[in-house]
Amino acid sequence: MKVLKFGGTSVGSAKRFQEVARLITAEKQNIVVLSAMSGTTNSLVEIAGYLYSRNQDGARDTIASLHAKYNGVINELLTQPESVKKAQTYIDGIFKALSEITKEPFGDIQERIILSKGELMSTFLMTTYLEEQGVNVKLLPALSFMRTDAQGEPDLEAIKVLLNQLLEKEKGADLYITQGYICMNARDEVDNLKRGGSDYSACLIGAATGADEIQIWTDIDGLHNNDPRVVEKTSAVRHLHFDEAAELAYFGAKILHPTCILPARYANIPVRLLNTLEPEAPGTLIDSVPDTGVIKAVAAKDNIVAIKIKSSRMLLAHGFLRKVFEIFETYRTPIDMICTSEVGVSLTIDDTRYLSEIVHDLKKYGTVSVDLDMCIVCVVGDMDWANCGFESKVMNALKSIPVRMVSYGGSNYNISLLVREEDKVATLRSLSQTLFG
Ligand code: ADP
Ligand code: ASP
Ligand code: MG
């Protein structure tokens, strides 16, 4: 059994729905995870934004134009009157619910309900289309098995139990469709796995069911060796180790949700990245097999803040780092990079919600300075310390770029560099030229 996930552009129009339907009916017994149609989640975010700022008219206009778009999709996708009626009733119900929300007091619970509607609509439309085509398909409601815990992290044990019970109940179907991105949280509210979270849903479902393979179908022929939105002439990397893919996803390769590789790595299930627009292309395979001596790819993560704590005392004396880390733990703020010297320590965060509290508390231990608008550039591949020459290649690419921090040796897979956000494009381009010609 495989899990196949199709992203927003893969189901961006009635025609794309039909092409995905062709791809997913080629094999039986698979679970298909769908994102919302491209642009839908952005529109839902916009509606929530209007409601937060009490602009009911703005919200209603966006709801009306989204409703018109879905009416168009129904008419283009479906031909039989019963399936048109069934889809129309469902979609009208969704938009009625959205309109009702505009009349209620608005908060984050309502926002998360609004954000869940895109995946509910795409999966309903796909299931109705497949039924019309005579496929023995079942829709598995993600809200009945996809769960997060009190920390907001996926609860893999609960997902495993609930999903396997549901599959047992629904056994006999040739194909299963479910929603990516959406889940229930520990307070039994509708929630989500953050933007791009359908990749995470697919990998969690793969791990929970012990799938043979997880396929992430998108609009590009695999993970490229640099960000194709910024750098010209990037090329697809055909093979990655789980750890390499996890680093690239976490450090900004948008093709994958930042933490989606973790459940696949934990369950040792290969992940294949494939192109819906070019289904025969080989894509990228991610598994537990390492490759030696190759630098694979570069990625960048924006909106990073660097914090330096400097003291004239013996800063790195026994227990100092523990005290610093405790401050970040108190504010539940993860640290991405860290560099130390005898007189100071620099670290980076991307969650700045508690920045002023953290800085205030750190001042007990020394002089604190903060650099905003920084960017982590991450070079990934076989970086075993015994191999010679790759560090100098990376540094050579950066000879005209100011580098605030360098981190190497934390894993065998990466070198991370902290540069100013304004130098990101130059850094990525220069690294591409030096490392990949
Ligand atoms: P989906 O809607 O299918 O989830 P995404 O937009 O989330 O698709 O991810 C695919 C996009 O990620 C590509 O179109 C590409 O522009 C972007 N991207 C950024 N970095 C990379 C990379 N290293 N390799 C491939 N694609 C990347
Ligand atoms: N629809 C959601 C988003 O746009 C989830 C996803 O596409 O993975 O972020
Ligand atoms: Mg995505």
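Provided above is the structure to which this section pertains.
Since this is a predicted model, take the numbers as computed values, not measurements.

Caption draft 1: Focus on the nonpolar core. Counting 99 residues, the largest nonpolar core has I24, M126, L223, L256 and V271 as the members making the most contacts within it. Here V271 is in contact with C203, I214, I216, F242, I261, A264, T284, L285 and I286, once residues within four sequence places are set aside. Residues V298, V394, L398 and V419 belong to the second largest nonpolar core, which totals 20 residues.

Caption draft 2: Representation of the pattern of salt bridges in the model. Summed over all chains, the structure comprises 29 salt bridges. Between K86 and E131 there is a salt bridge, and its shortest N-O distance comes to 2.7 Å. Taken together, the residues K86 in helix α4 (residues 81-101) and E131 in helix α6 (residues 117-132) connect sequence positions 45 residues apart. Overall, K86 belongs to the partly exposed group, its relative accessible area being 38%. Between D291 and K296 there is a salt bridge, and its shortest N-O distance comes to 2.7 Å. For D291, a relative accessible area of 25% puts it in the partly exposed group. When its relative accessible area of 8% is taken as the criterion, K296 is described as buried.

Caption draft 3: Highlighting the sheet that holds strand β16 (residues 414-420). Spatial ordering of the open sheet is given by β12-β13-β11-β14-β16-β15, a layout of six strands whose pairing is antiparallel. What marks the edges here is a single partner per strand, and that holds for β12 (338-340) and β15 (403-408). Going from strand to strand, the sheet's axes swing by 25° on average, the running direction of each strand aside. With five bridges joining them, β15 and β16 adopt antiparallel strand pairing. Paired with M405 across the two strands is L418, which belongs to β16. Along the sheet, helix α13 (residues 390-397) makes contact with β11 (295-310), β14 (367-381), β15 and β16, crossing β16 at roughly 15°. Where helix α14 (residues 424-436) meets the sheet, its contacts fall on β11, β14 and β16, and the angle it forms with β11 comes to roughly 140°.

Caption draft 4: Looking closely at the packing of helix α3 (residues 56-77) against α4. Where α3 meets α4, the closest approach of the two axes is 10 Å, and the angle between their N-to-C directions is 170°. Between α3 and α4, the angle is such that the two are roughly antiparallel. Across from I63, L66, H67, Y70, N71, I74 and N75 in α3, the residues of α4 making contact are V84, A87, Q88, I91, D92, F95, L98 and S99. Residues that form the contact of α3 with α4 fall into these classes: nine nonpolar, five polar and one charged.

Caption draft 5: The arrangement of the sheet that holds strand β4 (residues 175-179) in detail. An order of β3-β4-β2-β1-β7-β9-β10-β8 is seen for the eight strands of this open sheet, with the pairing classed as mixed. Where the open sheet ends on each side, the last strands, each with one partner, are β3 (137-140) and β8 (239-241). Averaged over neighbouring strand pairs, the angle between their axes works out to 20° when direction is ignored. Here β8 pairs with strand β10 (residues 284-287) via three bridges, running parallel. Residue pairing across strands places H241 opposite D287, the latter belonging to β10. Seen against the sheet, helix α9 (residues 242-250) touches β8, β9 (271-275) and β10 and runs at an angle of roughly 90° to β8.

Caption draft 6: Region of interest: the side chain of T427. Inspection of the secondary structure assignment puts T427 in helix α14. For T427, the contacting residues outside a window of four places in its chain are V377, L398, I401 and V419.

Caption draft 7: Representation of unusual backbone geometry. Not every positive phi belongs to a glycine, and R54 is a case in point at roughly 55°. Structurally, the position occupied by R54 is in the loop between α2 (40-52) and α3.

Caption draft 8: Quick peek at a nonpolar patch on the surface. On the surface, W385, M395, V403, V406 and Y408 cluster together into a nonpolar patch covering about 470 Å² of accessible area. A per-element tally of the nonpolar patch places β15 first, with three residues. By the element assignment, W385 lies in the loop between β14 and α13.

Caption draft 9: Structural detail: helix α11 (residues 320-330). Where α11 is concerned, the buried positions are F320, V324, I327 and F328. Buried residues of α11, viewed axially, fall in a sector of 95°; they line one side. Pointing more than 90 degrees away from the buried face of α11 are the exposed residues E329 and T330. On its buried face, α11 sits against β11, β13 (344-349) and α12 (355-362). Once α11 finishes, R332 follows within two positions and takes phi at roughly 45°, a positive value.

What counts, and where the lines are drawn
- Residues numbered from 1 in each chain as written.
- Chains lettered and ligands numbered in written order.
- Predicted model: local features only at pLDDT ≥ 70, side-chain atom pairs only at ≥ 80, totals over all residues.
- Heavy atoms only, no water.
- Core = buried A, V, L, I, M, F, W, Y, C linked by side-chain atoms within 4.5 Å.
- Buried < 20%, exposed > 50% of the residue type's maximum accessible area, 1.4 Å probe, protein only.
- Contact = heavy atoms within 4.5 Å.
- Salt bridge = Lys/Arg side-chain N within 4 Å of Asp/Glu carboxyl O.
- Helix = DSSP H or I, 4+ residues; strand = E, 2+ residues; numbered from the N terminus.
- Pairing = 2+ DSSP bridges.
- Axes fitted to C-alpha atoms, helices over the stretch in contact; angles between N-to-C directions.
- Parallel < 35°, antiparallel > 145°, perpendicular 65-115°, else oblique.
- Nonpolar A, V, L, I, M, F, W, Y, C, P; charged D, E, K, R; others polar.
- Patch = residues over 30% accessible without salt bridge, like charges linked within 9 Å, V, L, I, M, F, W, Y side chains within 5 Å.
- Areas by Shrake-Rupley, 256 points an atom, 1.4 Å probe, with all protein chains shown as cover.
- Arc of directions from axis to C-beta.

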